[in-house]
Every structure is written in C-alpha cells, then in structure tokens.
Amino acid sequence: MIQRTLSIIKPDATARNLDGAILAMIQEAGLRVVAMKRLHLSCEQAGGFYAVHKERPFYNDLCAFMSSGPVVVSVLEGEDAIAKYRTLMGATNPEKAEDGTIRKRFAQNIEANSVHGSDAPETAAFEIAYFFNALEIVG
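The structure presented is a predicted model; accordingly, all values stated were derived computationally and were not measured. (Residues numbered from 1 in each chain as written. Predicted model: local features only at pLDDT ≥ 70, side-chain atom pairs only at ≥ 80, totals over all residues. Heavy atoms only, no water.)

### Side note on the overall build of the chain
Keep this limit in mind: The secondary structure listing takes helices from DSSP runs of H or I that are at least 4 residues long and strands from runs of E that are at least 2 residues long, numbered from the N terminus. Radius of gyration: over C-alpha atoms. The globule rule applied is 2.2 Å multiplied by the number of residues raised to the 0.38 power. For every residue, the accessible area (1.4 Å probe, protein chains only) is compared with the maximum for its type, and the residue is labelled buried under 20%, exposed over 50%, or partly exposed between those bounds. Residues are treated as being in contact if the distance between any of their heavy atoms lies within 4.5 Å. Here the open area of atoms and residues is found with the Shrake-Rupley method and a 1.4 Å probe, where only the protein chains shown may cover a residue. We count Lys and Arg on the positive side and Asp and Glu on the negative side, and we leave His and both chain ends out. A charged residue contributes its charge at one atom only: NZ of Lys, CZ of Arg, CG of Asp or CD of Glu.
Looking only at helices and strands, the chain features 7 helices and 4 strands. Listing every helix and strand of the chain by position from the N terminus yields β-α-α-β-α-α-β-α-α-β-α. Against the 2.2 N^0.38 benchmark of 14 Å for 139 residues, the chain shows a C-alpha radius of gyration of 14 Å, consistent with a compact globule. Based on the C-alpha atoms only, the size of the chain along its principal axes is roughly 35 × 35 × 25 Å. Counting across all 139 residues of the chain, residues that qualify as buried make up 48%. Long-range pairs, those at least 24 residues apart, make up 77% of the contacts in the chain with a sequence separation of at least 6. Per element, the accessible surface of the chain, about 7,200 Å² overall, is 53% carbon and sulfur. Positive and negative side-chain charges of the chain, numbering 14 and 17 respectively, have mean locations separated by a distance of 2 Å.

Encoded structure:
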C-alpha cells in the first residue's frame, strides 16, 4: 500500500550539514520526497507539534532542542512508507540502533538522534498537515 509519512531532519543533523546524506539514504531506501522545506521552529511551534507529549517530563527539553536550529521537514511517499522509514531511522537510542540505519550512522545521543518519523497513519496525517498544505505536496 502506498503511504505518506513525515520526516524531520533535526537540528543536530542540520548543524552538521547532514541533510543531503540523510536524504540520499531515504531515496536509496525507495522512498520519494514529495514535499520539503527548511524551517526554524519557535519553541511554541515545536510545542504544538509535540503536544501529545505535553505531560511527559522531557517535553520542555524536546521543545527547546527542536527550536535550537533549523530542521528539514519532508513528506515521504512509498510502499508501506511509515514502517519503511521507521526501520531506516533505527531505534530512538542510537546505541540500540542497527547498523545501516540513520540513527546508528549519524545520531549523537537519544535526544540528538538526527531524525523524526511518523509512527502510524493517523500520526502521519496530523504531522504532514502541521507543516504542509495540499498544494505543497506534489506526488
């Protein structure tokens, strides 16, 4: 089934100029970029995106980190895109990530783990709409 998912290349990765290398891994995995933009989120914008985590102890640190520098947000499309991208990202903790994954290769630690990806179709729909309108997604 063809799906769409959201990818965020996080501030730790953009600061190290890894955008191209990460996008190359995404494309080599068979996913197509159908929308993309570079943004510098405010803490409030990051908070709106991560509102589901508002009651969790790491929420404020997460918002501060995600607003600490530019991010690259993109919509990825492909066969089982959500699962495929989650596998490509690797475990949240890079120490537990498998070889060949984005996080194993580029993540610095569990917070500065280089990328975010949607975890379910409902989440993907919310996350894509948070950053893109329908005119910006060209499949």
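### Focus on helix H5 (residues 81-89)
Our working definition: The directions from the helix axis to the C-beta atoms form the arc being described.
Taken as a whole, H5 has its buried residues at Ala81, Ile82, Tyr85, Leu88 and Met89. One face of H5 carries all of its buried residues, which in axial projection span an arc of 135°. Looking at the packing, one finds that the buried side of H5 touches strand S1 (2-9), helix H2 (19-28), strand S3 (71-79), helix H6 (102-106), strand S4 (115-117) and helix H7 (121-131). Phi for glycine 90, located one or two positions after H5, is positive at around 90°.

### Some thoughts on the pattern of salt bridges
Quick note on the threshold: The salt bridge definition used is simple: a Lys or Arg side-chain nitrogen within 4 Å of an Asp or Glu carboxyl oxygen.
One pass over the structure, following the stated rule, counts 5 salt bridges. The residue glutamate 77 makes a salt bridge to arginine 32 at a minimum N-O spacing of 3.0 Å. A residue pair is termed long-range when its members are at least 10 positions apart, and glutamate 77 in strand S3 and arginine 32 in strand S2 (residues 32-39) qualify at 45 residues. Assessed through its relative accessible area of 15%, glutamate 77 is described here as buried. We classify arginine 32 as partly exposed; its relative accessible area is 44%. It is possible to trace a salt-bridge network through shared partners that takes in Arg4, Arg32 and Glu77.

### Section: the environment of phenylalanine 132
Turning to its location among the elements, phenylalanine 132 is positioned in the segment after H7. In this structure phenylalanine 132 comes out as buried when scored by relative accessible area, which is 7%. For the pair phenylalanine 132 and alanine 35, spaced 97 residues apart in sequence, the C-alpha to C-alpha distance is 7.9 Å.

### A look at the UniProt feature "active site" (unreviewed entry) in the chain
We count it as follows: UniProt positions are given in the numbering used here, feature names are shortened, and annotations may be inferred rather than shown by experiment.
Using the residue numbers shown here, the UniProt feature "active site" (unreviewed entry) corresponds to His116. Summarising the element assignment, histidine 116 is placed in strand S4. You can call histidine 116 buried: its relative accessible area is 14%.

### A word on the sheet that holds S1
For clarity, the threshold we go by: Being paired, for any two strands, means DSSP has found at least two bridges between them. Helix axes use the C-alpha atoms of the stretch in contact, all axes being lines fitted to C-alpha atoms, and the angles between their N-to-C directions lie in the range 0 to 180 degrees.
Pairing is antiparallel across the open sheet formed by 4 strands, whose spatial order is S2-S3-S1-S4. The open sheet has two free edges, formed respectively by S2 and S4, since each of these has just one partner strand. Here the average twist between neighbouring strands, direction ignored, is 20°. Pairing of S1 with S4, which is carried by 3 bridges, proceeds in the antiparallel orientation.

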